[in-house]
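Notes for the structure review
Residue-level listing of the chains:
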Amino acid sequence: MTHDLILKGGRVIDPSQKHDGVLDVAFTDGKVSGFGKDLKGAKEVRDVSGYIVTPGLIDLHTHVYWGGTSLGIDADEFCRASGVTTSVDTGSAGPGNWPGFRKHVIEKSQARILAYLHVSHAGIYGFDHRVMVGESGDLRMMNPIDCVEVADKNRDLIVGIKVRVGLHASGTSGTVPLNIALQVANEVGMPLMCHIDHPPPSYEEVIGMLRPGDVLTHAFRPFPNAPSTAQGTVKPEVLAARKRGVIFDIGHGKGSFSFKTTRAMLANGFEPDVISSDVHKLCIDGPAYDQVTTMSKFLCMGMSLNNVIAASTLNAGMALKRPEYGSLKVGSLGDATVLTIKEGKFDYVDVVGEHLIGDRKIVSEGVVLKGAWWHPKRSNKFRKVEAA
């Protein structure tokens, strides 16, 4: 047998190869080993005809330090249900509690977990229903020296540095935490992901400090600190930042995505680079829910299916500086997601309570993880056919 597994007959959408059409994808030893028509020679074959096959979905903004922080969710449960093969935790842990995150969560998880390390000593430690303490508001919690050491020693899992600024996350510290985080990112040669909420600082101040390859998350947030103007145009500073190479990520979450902002941005041809859910304990039951729900909102607001998938695969992999993620090229990671598009009337809600009735919904139907079939708990509908 040449391959371990073949997904046969699906509509394969792989933006990394500009491919959209019916063919087979094969996996061997945790890698993609075949991409073409009528592949043969596998120990296991799954018939996925009538379904969409994409590279494994990447959720670039999650919080999965379950048990270590109050906002953490279980990565395996979330990923299996949402079709996500790589969950990127964005700053749940800082240098002070990173070892526990690595040992007790990441190394025990079946789903792949990467992380942005928070510049704050204990990461996002005060995010809960009753206690809401912005970790960047007390500059005594900034720990750049240890952050550099931990990031440098854990390059297999740490993909960048995280900082949160804004009234809720950093009080009146303004851009000081961002300045410290940028120094760390420069020292270790990694990209930065920056959260923004209410001013101070302003959206314009923050993106003006970001470097090419850095990620602004919560990029389509509502007023205040929205990227669009009252007249429905895109702020010139936002356009300049994109031209400079700043990456705009959705990071839906509990308070960071609005239909009003998105309508304005899409009307101006400004699509997000990356679509992510920012799923955590306080938004997994709404309004964010999961990755495929966040993707569905953009599909219903006019983004093409191929662009929605690219923003959750290829573009996310490039933001991670790991091009083997988010691709079905032979030799890439052996991850794939099987999707279907349901038609009907679906009620979507943003973080300010606006509802949108969409006519389509992206649903995860199955997952290939590290070269093996990793089906959702709720079903195993794909027929396992005779080895070919």
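Residues numbered from 1 in each chain as written. Predicted model: local features only at pLDDT ≥ 70, side-chain atom pairs only at ≥ 80, totals over all residues. Heavy atoms only, no water.

An unreviewed UniProt entry lists the chain under the name Amidohydrolase/deacetylase family metallohydrolase, from Bosea eneae.

1. Quick notes on the sheet that holds strand β11 (residues 158-165)
Across the sheet, which stays open at both edges, the 7 strands sit in the order β6-β7-β8-β11-β12-β13-β14 with parallel pairing between neighbours. Two strands close off the open sheet at either side, each with one partner strand: β6 (57-62) and β14 (247-248). With 4 bridges connecting them, β6 and strand β7 (residues 84-90) associate as parallel partners. Note on β7: the bridge partner recorded for I58 is T86. Sheet contacts for helix α1 (residues 75-82): β6, β7 and β8 (112-118); angle to β7, the most-contacted strand, approximately 135°. (Pairing = 2+ DSSP bridges. Helix = DSSP H or I, 4+ residues; strand = E, 2+ residues; numbered from the N terminus. Contact = heavy atoms within 4.5 Å. Axes fitted to C-alpha atoms, helices over the stretch in contact; angles between N-to-C directions.)

2. What about the pairing of strand β1 (residues 3-14)?
As paired strands, β1 and strand β4 (residues 42-47) are joined by 5 bridges and run parallel to one another. Each bridged residue has a counterpart across the sheet, and for L5 the counterpart in β4 is E44. Looking at chain direction, β1 and strand β2 (residues 19-28) are connected through 8 bridges and run antiparallel. Following the sheet pairing, L5 is matched in β2 by F27. Counted along the chain from β1 to the antiparallel partner β2, the turn is 4 residues long, and its residue K18 has a positive phi close to 50°. In terms of strand pairing, β1 meets strand β5 (residues 52-55) through 2 bridges, oriented parallel. Within β5, the position partnered with V12 by the bridge is V53.

3. Notes on the pairing of β7
The side chains of a regular strand alternate, first on one face of the sheet and then on the other. In terms of burial, β7 is largely enclosed, as 7 of its 7 residues are buried. Handedness of the crossover joining β6 and β7 through α1 is recorded here as right-handed. In terms of strand pairing, β7 meets β8 through 5 bridges, oriented parallel. Looking across to β8, one finds that S87 is bridged to I113. Taking the sense of rotation as the criterion, the β-α-β connection linking β7, helix α2 (residues 98-106) and β8 turns out right-handed. (Buried < 20%, exposed > 50% of the residue type's maximum accessible area, 1.4 Å probe, protein only. Right-handed = clockwise from strand over helix to strand, strands pointing away.)

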